[in-house]
Every structure is written in C-alpha cells, then in structure tokens.
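Below are the chains, spelled out letter by letter.
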Amino acid sequence: MTISKTQRGRAAAAVSLTAVLALTATACGDDGSGSGGEGSGKGEITFWDNNGGPRTAIWTEIIKDFEKKYPDIKVKYVPIPIADVQSKYDTAIAGGGLPDVGGVGTAYLANMVSQEALEPLNKRLEGSTLKGKLVDGMVQSVTAAAGRGDDLYSIPTSANNGVLWYRTDLFKAAGLEAPSTWPKFYDAAEKLTDAKNNKFGYTIRGGAGSIAQALDAIYGQSGITSFWDGDTTTLNDPKNVEALEKYAALFKKTTPAADVNNDFTKMVAQWDTGTIGMLSHNLGSQQDHLKALGADKFAGIPAPIGESGTRVQVSNPVDGLGLFRSGDNKEAAWKFIEFAASHESNSKWNESAGAIPANTEAAKAPWINQTESTSLAAKALTDGSTTIVDLPYYLPDWNNISKADNEPEFQKVMLGKITAKAFLDKMAKELNEANKEWQELGNG
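Computed from a predicted structure; not experimentally measured.

(A) Inspection of helix 8 (residues 182–191) at higher detail. Turning to helix 8, its buried residues number three or more, namely W182, F185, Y186, A188 and A189. Mapping the buried residues of helix 8 onto a view down its axis gives an arc of 160 degrees, with all of them on the same face. Seen from the open side of helix 8, the exposed residues pointing more than 90 degrees away from its buried face are P183, E190 and K191. Of the surrounding elements, those touching the buried residues of helix 8 are strand 5 (162–166), helix 7 (168–173), strand 6 (200–203), helix 9 (210–222), helix 10 (238–248) and strand 9 (276–282).

Have a look at this one:
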C-alpha cells in the first residue's frame, strides 16, 4: 500500500516546487490557504463529509456523540457528494470557504497538499491519544500519497478493498466452485450466462470508474507486482496486454450490453436484480446486496488468485480526515479528528460503511469477523497473502489520465474499435510523460 522511497522523495521535491509556484500566484487573493489559528478550542467548526448521502446517517451519530463529550463545540455538517468532492475543494482553495475539517482520500490528497490547503499533522499525532493506534500500512499510504516525504497530512480512518461478489445460490445450482482463481472466474462467467433469458455470468464496469477496475483485473492476472520498472510504467507489458484482451472480451459475451455505460451505481443495481453471477466492486456495496438478495444468496472474496499462486491487486484509496490551514479554530477541529478516529467512533463508522478500520483497536472489533467479506478483505491487506501494486496517486495528472482522458478509450476497447495494446500503449505513454515531468520538477 506504499510507494518506494525514491518515488516518494522525488514526489516531495516536485510538489514543494509546485506549491511555491501556486502560492506565488495566489498570494494576493483569498485562496483559502491562509495559516488560520488555534482558536479557543470552543465554538463552531465546519466539517465536510466527502461521501455525503451514503454516510450522512453515521456521521450525524458520531457528531452527536462528539458534541455530548464536548458541549462547548458545535459541528456544522456539510455533506458533499463523492463525485463532486475534489472540484468542491479546488473551488474553495481558489476562492475561499474551506472547512475546518474534511474527509480527504489519497486519490486527491497530493493535489490539496500541493496547494498548501492542509496542515501537517505529525506533531499533533505525536501528542495525541491516537499515537501508536493507527494501522501502519494506512499511515504509510496516506504519507506516501501526500508526496512530502514523512509529513502526514491526513489521519487515516478507513481502507476499502476490491471484492469479487458472487451469487452462492447460482454457483451451487450450476455445480461451480467459488471463483477463487482467475480460471475459475472465467469458467463461471461462461457457464452462468444464458443471454437469451437475460442471465449473465458477470457485469463489467464500462462507465465512470472503469479503469481502476480494469487495472485490478489486469495486474491480478499478469502477476506483475510493480507499477513501475525504473522510470517506465509496466502498464503496457505484454502480459498486461494479454490480460486486458481476455478481460475486455467478456463484454456482451458473458455480460449485459448496458455495461459499456454503467458506473458503479448502475452496475450494483443491475447485479442486485439477481440475474447476474458475479460483480467486481468493493466492500461499500455490501449493504445494498444484503437488502436486495439476503445474506444466504451471495458472498464476497478478495480478487482471484493468479497462476503464480499469489493474489495481486492494485491499491485502493485510503480515506482520512484533514485539518485545513485556513481554519481559525484548529484546536477544536483537531479534537473532532481525534474523536472520529478513536476506537469507538472508528469502529462504528467502519461497521456502517463495511470498510476496514484504521484504528488498531477498532480493527479487532467482533463485527469484522462476523462478516466474511470484510474479514477476508482485512486479512488480505494485513496477513501477507496479497501483493499490492501501488498506483501513482502522487502524480498531478493521475486522475485525468486514469479517468476522464481514458475512460472513453476503454469503452472503445470493449466495443472492439481499438485494441487492448493500443489502449495500454496510449495510457502508458501519458503516464511515462507525466512521470518524467514530475522528476524534472523535482530535479529543478
């Protein structure tokens, strides 16, 4: 879940230079990156939830608990839809209006750090009740993603993990074993498909967010364990090309035709109708499946194991809470972060979300073992059975390259309009150029 020290070092230098340029350009305006102040530790603070809607109920409960413990502090809760959160932060950084505390994922952490929006948290954590009580791997992940050496800009709260959800009832009726390996996955996808009766073995993500899922399938099959070979990405390695060819060929053969445009919401809803055998998503959709199917009709396992006998998967973003530089009541804001990441609150939040807790005491909670998919996901990330291919979240162009710039290209692969090799070559070229630019900034 971490990147190499070499990559992190050059990332740190490059982001520092970018930050200096950004500060110079905005020094005369209200960009929201002012130094703020510690404040009285009382009064009102504003909290932005970076997944407003799905997580509103649990945050409301935690805020109520917090205000009971700290009656002199009131929390103004602002739910931000997950699809809008990065643009909302960017707008607020440019024009003012940042919160005191906000949910910050590693996918866009470096972008916010480069604009000097967040306060470093190392010293606060050192003197906190949270010291020594956060999962090391998650701390390392958010530290690396920030791109400032050992500086910590987010207190991790949870990690998600990719899950292959499968219909246990359909597998049993067809005499199939759980899709624990890639050959078993492809075999099940084919045998559970009856297109004439609108039954399919798998649903593939072709809309928004498609590339992250595809990367998981690519590296999971190829067994390649690093995103970089020196300064060049392994993305278009021949083994990855072969893996993508096989994966994309599932479209319309063992998947619904609507998949070409489906994002995770539509894909999950489609799977929950009960006519599709398998779905690749994450722990976050578990509650949806329970409501639609009931506990006895489905199960979830980590990514299938490849030919090497090892499970390989790409890194999932780690979620956390950031303290904003511009806040004028940082003492109260830090109390909220400390409370939210504490044993009881962190356990409560992650149980509701079906995610993996960052608090080490919360990670031992009984509810984790009561849910097989969460238990298996937690073990996959902690017991050494899984090799994580770290995605370069620290690259400024990562989000554009892995989303808007290439999701339409992936749809062309699914539709047979371009080859898997052409798609991966294009994306690899863009990543290599972005990485070279990153290094040049760092060496400058």
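(B) Expanded view of the pattern of salt bridges. In total, this model carries 17 salt bridges according to the counting rule given. When the shortest N-O distance is used, the salt bridge between K412 and E409 registers 3.2 Å. Taken together, the residues span about one helical turn, with K412 and E409 both in helix 18 (residues 407–414) at a distance of three residues. The class of E409 is buried, set by a relative accessible area of 16%. E433 is the salt-bridge partner of K429, the closest N and O atoms lying 2.7 Å from each other. Taken together, the residues K429 and E433, both in helix 19 (residues 420–443) and four residues apart, mark about one turn of the helix. Among the charged side chains, a network of salt bridges with common partners joins E38, E119, R124 and K330.

(C) Just unusual backbone geometry, in detail. In this model, E116 sits at a positive phi of 60 degrees, which is unusual for a non-glycine residue. Mapped onto the elements, E116 comes out in the loop between helix 4 (106–114) and helix 5 (122–126). Judged by relative accessible area, which is 12%, E116 ranks as buried. A positive phi angle is found at K252, which is not glycine, with a value near 65 degrees. Tracing the sequence through the fold places K252 in the loop between helix 10 and helix 11 (264–271).

(D) Inspection of the environment of K429 at higher detail. With relative accessibility at 52%, the residue K429 sits in the exposed group. Each C-alpha atom of the pair K429 and A257 lies 30 Å from the other, and the pair is 172 residues apart in sequence. A polar contact is formed between the side chain of K429 and the side chain of E433, at a distance of 2.7 Å.

(E) Molecular detail of the packing of aromatic side chains. All told, the structure shown has 25 aromatic pairs when counted by the stated rule. On the numbers, 5.9 Å between centres and 55 degrees between planes, the contact of F410 with F423 is tilted. With F410 in helix 18 and F423 in helix 19, this residue pair connects regions lying 13 residues apart in the sequence. Summarising the burial analysis for this pair, F410 and F423 share the class buried. Sitting over the face of the ring of W349, R55 holds its NZ or CZ atom 5.9 Å from the ring centroid. Note that K246 overlies the ring of Y186, its terminal NZ or CZ placed 4.5 Å from the centroid.

Thresholds applied
Residues numbered from 1 in each chain as written. Predicted model: local features only at pLDDT ≥ 70, side-chain atom pairs only at ≥ 80, totals over all residues. Heavy atoms only, no water. Buried < 20%, exposed > 50% of the residue type's maximum accessible area, 1.4 Å probe, protein only. Helix = DSSP H or I, 4+ residues; strand = E, 2+ residues; numbered from the N terminus. Arc of directions from axis to C-beta. Contact = heavy atoms within 4.5 Å. Salt bridge = Lys/Arg side-chain N within 4 Å of Asp/Glu carboxyl O. Polar contact = N/O pair within 3.5 Å; in protein donor to acceptor, adjacent residues only side chain to side chain. Phe/Tyr/Trp six-rings, centres within 6.5 Å; stacked < 30°, edge-to-face > 60°. Lys NZ or Arg CZ within 6 Å of the ring centre and 35° of its normal.

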